[in-house]
2 protein chains.
Amino acid sequence: MAYRETEKMRQRKALARQRILDCAQLRVTEGGFRNAQISQVASQAEVATGTIYRHFESKEELFAEVFRAATEREVGRVAKDLAGDGDAVERLAQALRHFARRALRAPTMAWALIAEPVDPRVEAERLRYRRAYAELFEAAIREGVREGSLPAQEARHSSTCLVGAIAESLVGPLSPAQSTDGKTPPTDYESLVNTIVGFCLQGLTGTRR
Amino acid sequence: MAYRETEKMRQRKALARQRILDCAQLRVTEGGFRNAQISQVASQAEVATGTIYRHFESKEELFAEVFRAATEREVGRVAKDLAGDGDAVERLAQALRHFARRALRAPTMAWALIAEPVDPRVEAERLRYRRAYAELFEAAIREGVREGSLPAQEARHSSTCLVGAIAESLVGPLSPAQSTDGKTPPTDYESLVNTIVGFCLQGLTGTRR
DNA sequence: CTAACAAGTGAATCAGCATTCATTTTTTGT
DNA sequence: ACAAAAAATGAATGCTGATTCACTTGTTAG
């Protein structure tokens, strides 16, 4: 018996795997999932195409993981905002506002995560994470109801509306067409963010503020 | 000179074209855009695959037209509801309610139109029509503001939120995964519809009702 | 050093459909 | 009935990348 996987090797492999993931993510950040080909990722990561298949089942699996990593980071941030100070309404407002701002600041990636047409495998992740966001909001809404800052409501459904409203509102401004066509006047992002947040809060509270 | 396109021929061609469109639509109704292949459409319409290309530029073009036809019908219905009786708020409520009910009654087609991953050509149509819905809502909102049933607001943005909220709320219930997995309890559609409409109205009016 | 095995390579292969086009069939006016 | 022209046909072709795999290189333990 001669070869045995050693710690050093394990680390090196993990590193390579990570480098592949990073490069794949970079490609997505630059042009969305659509023009992120395996061969490109490979050359960027300085490995052969075949090597990618030693680390990932398939292209879909690789990009599903990219999607997961990127979205998990976002979900974490939203969760953090929702765990912050103030009553539930204030925390929801904060979370929505920050989410929108982050998206608008990294538009290609945000668009890829929110609206780009993708393979079913990746689409499945998207569905999962939309649910994840909705569940975070749902919990916050329930708290709001409990503490009295929100009126009683079907938290399950209104949280979904929240996710939809914010996602849809961002689709237009994030679309590559939008940023490329040169004729659409640049949206006033802060005003957009304000309206989105305003609408969502009213939807939840039934109160203008 | 021997052959000249005659009226009879023109009609027959129009008929064939329509039959192709109908069959394509039928395929979509049954399994979404994903498993609607040209060869299938052809055999269903009882023509050769090549024939389809005498009537349509390309697959994408064909399905873009299917999409257009189906969505235009929907947009028309929404427009009709928005032109109905009552104040703007009542009309918006009606339009949203009916839209959601129709979608839930024809889930596969609705899912294909709202959320299925599709070719860019078709996706472009989708974007266009989301705008179309939003614009209809936007006009109604402006009327509401004018007549005083709605508080002043950025109609442009709140209409987008409306579209997003309703679309997102329907994605889950419409997903093929949902209807196929057999373990998810059947959603109470009327309650879902009520929450969606309620949320949207509050979002617009700032008033519980 | 060497045997035993793992990891890496990238050119060749494959797959799945859309699309084409040489051929056949149908239509039309005379 | 015939020739000119259009329309229909569907088997063959083409495209685009993902995926494979025979081979090379690197690693390990004795």
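Described in the following lines is the structure provided in the data block. Worth saying up front: this structure is predicted, and the values here are computed from it rather than measured.

1. Concerning the protein's contact with DNA strand D
- In the vicinity of DNA strand D lie 24 residues, with Ala2, Thr6, Arg12 and Tyr53 of chain A together with Thr51 of chain B positioned nearest.
- Backbone atoms, meaning sugar and phosphate, form 70% of the atoms of DNA strand D found within 4 Å of the protein.
- Note that a phosphate oxygen of DNA strand D is positioned 2.8 Å from one of the backbone N or O atoms of lysine 59 of chain A.
- Side-chain polar atom of threonine 49 of chain B to a base nitrogen of DNA strand D: 3.4 Å apart, as the coordinates give it.

2. A closer look at the packing of helix H10 (residues 189-205) of chain A against helix H10 (residues 189-205) of chain B
- Relative to each other, H10 of chain A and H10 of chain B sit at 120°, their axes nearing to 7 Å. One finds that H10 of chain A runs oblique with respect to H10 of chain B. Remark: the crossing between H10 of chain A and H10 of chain B carries right-handed chirality. Listed contacts from H10 of chain B to Phe199, Cys200, Gln202, Gly203, Leu204 and Thr205 of chain A of H10 of chain A are Phe199, Cys200, Gln202, Gly203, Leu204 and Thr205 of chain B.
- Of the residues belonging to the contact of H10 of chain A with H10 of chain B, the class tally is 6 nonpolar, 6 polar and no charged.

3. Let's talk about the packing of helix H5 (residues 88-105) of chain A against helix H8 (residues 155-174) of chain A
Residues and elements named next belong to chain A.
- Remark: H5 packs on H8, axes separated minimally by 10 Å, with the N-to-C direction vectors making an angle of 25°. Classed by the angle they form, the pair H5 and H8 counts as roughly parallel. Two packed elements cross with a definite hand, and for H5 against H8 that hand is right-handed. For the pair H5 and H8, the contacting residues are Leu92, Leu96, Phe99, Ala100, Ala103 and Leu104 in the first and Leu162, Ile166, Leu170, Pro173 and Leu174 in the second.
- Taken together, the residues of the contact of H5 with H8 break down into 11 nonpolar, no polar and no charged.

4. A word on the relation of the copies chain A and chain B
- Once chain A has been moved 0.0 Å along the axis and rotated by 179°, it coincides with chain B to within an RMSD of 0.2 Å. The superposition of one copy onto the other is thereby described by a two-fold rotation axis. The rotation axis passes nearest to the C-alpha of glycine 203 of chain A in chain A, at a distance of 1.9 Å.
- A share of 100% of interface residues in chain A that are also interface residues in chain B marks the association as one of identical surfaces.

5. Re the environment of glutamine 25 of chain B
Residue and element names in this part refer to chain B.
- Within the secondary structure, glutamine 25 is located in helix H1 (residues 7-31).
- Accessibility expressed as a relative area gives 18% for glutamine 25, which makes it buried.
- Counting along the chain gives 44 residues from glutamine 25 to alanine 69, while the straight-line C-alpha distance between them is 9.1 Å.
- In this structure, glutamine 25 is in contact with Val66, Arg73 and Met109, ignoring residues within four places of it in sequence.

6. Brief notes about the nonpolar core
- Within the largest apolar cluster, 129 residues are counted, with the highest numbers of intra-cluster contacts made by Leu62, Phe63 and Phe137 of chain A together with Leu62, Phe63 and Phe137 of chain B.
- Beyond its immediate sequence surroundings of up to four residues, leucine 62 of chain B is in contact with Ile20, Leu21, Ala24, Ile38, Ile52 and Phe56 of chain B.

7. Observations regarding the side chain of glutamate 138 of chain B
All names here are of chain B.
- For glutamate 138, the location among the structural elements is in helix H7 (residues 120-147).
- A polar atom in the side chain of glutamate 138 sits 2.5 Å from the side chain of arginine 142.
- Each residue touching glutamate 138, except ones within four places of it in the same chain, is listed here: Ala155, Arg156 and Ser159.

8. A closer look at the side chain of glutamate 74 of chain B
Residue and element names in this part refer to chain B.
- Mapped onto the secondary structure, glutamate 74 falls in helix H4 (residues 59-82).
- For glutamate 74, a relative accessible area of 12% translates into the label buried.
- Contact partners of glutamate 74, with chain neighbours within four places excluded, come to Phe99, Arg102 and Tyr133.

The rules we used
- Residues numbered from 1 in each chain as written.
- Chains lettered and ligands numbered in written order.
- Predicted model: local features only at pLDDT ≥ 70, side-chain atom pairs only at ≥ 80, totals over all residues.
- Heavy atoms only, no water.
- Near = heavy atom within 4 Å.
- Polar contact = N/O pair within 3.5 Å; in protein donor to acceptor, adjacent residues only side chain to side chain.
- Axes fitted to C-alpha atoms, helices over the stretch in contact; angles between N-to-C directions.
- Helix = DSSP H or I, 4+ residues; strand = E, 2+ residues; numbered from the N terminus.
- Parallel < 35°, antiparallel > 145°, perpendicular 65-115°, else oblique.
- Left-handed = near helix turned anticlockwise from the far one by under 90°.
- Contact = heavy atoms within 4.5 Å.
- Nonpolar A, V, L, I, M, F, W, Y, C, P; charged D, E, K, R; others polar.
- Least-squares fit on C-alpha atoms with pLDDT ≥ 70 in both.
- Buried < 20%, exposed > 50% of the residue type's maximum accessible area, 1.4 Å probe, protein only.
- Core = buried A, V, L, I, M, F, W, Y, C linked by side-chain atoms within 4.5 Å.

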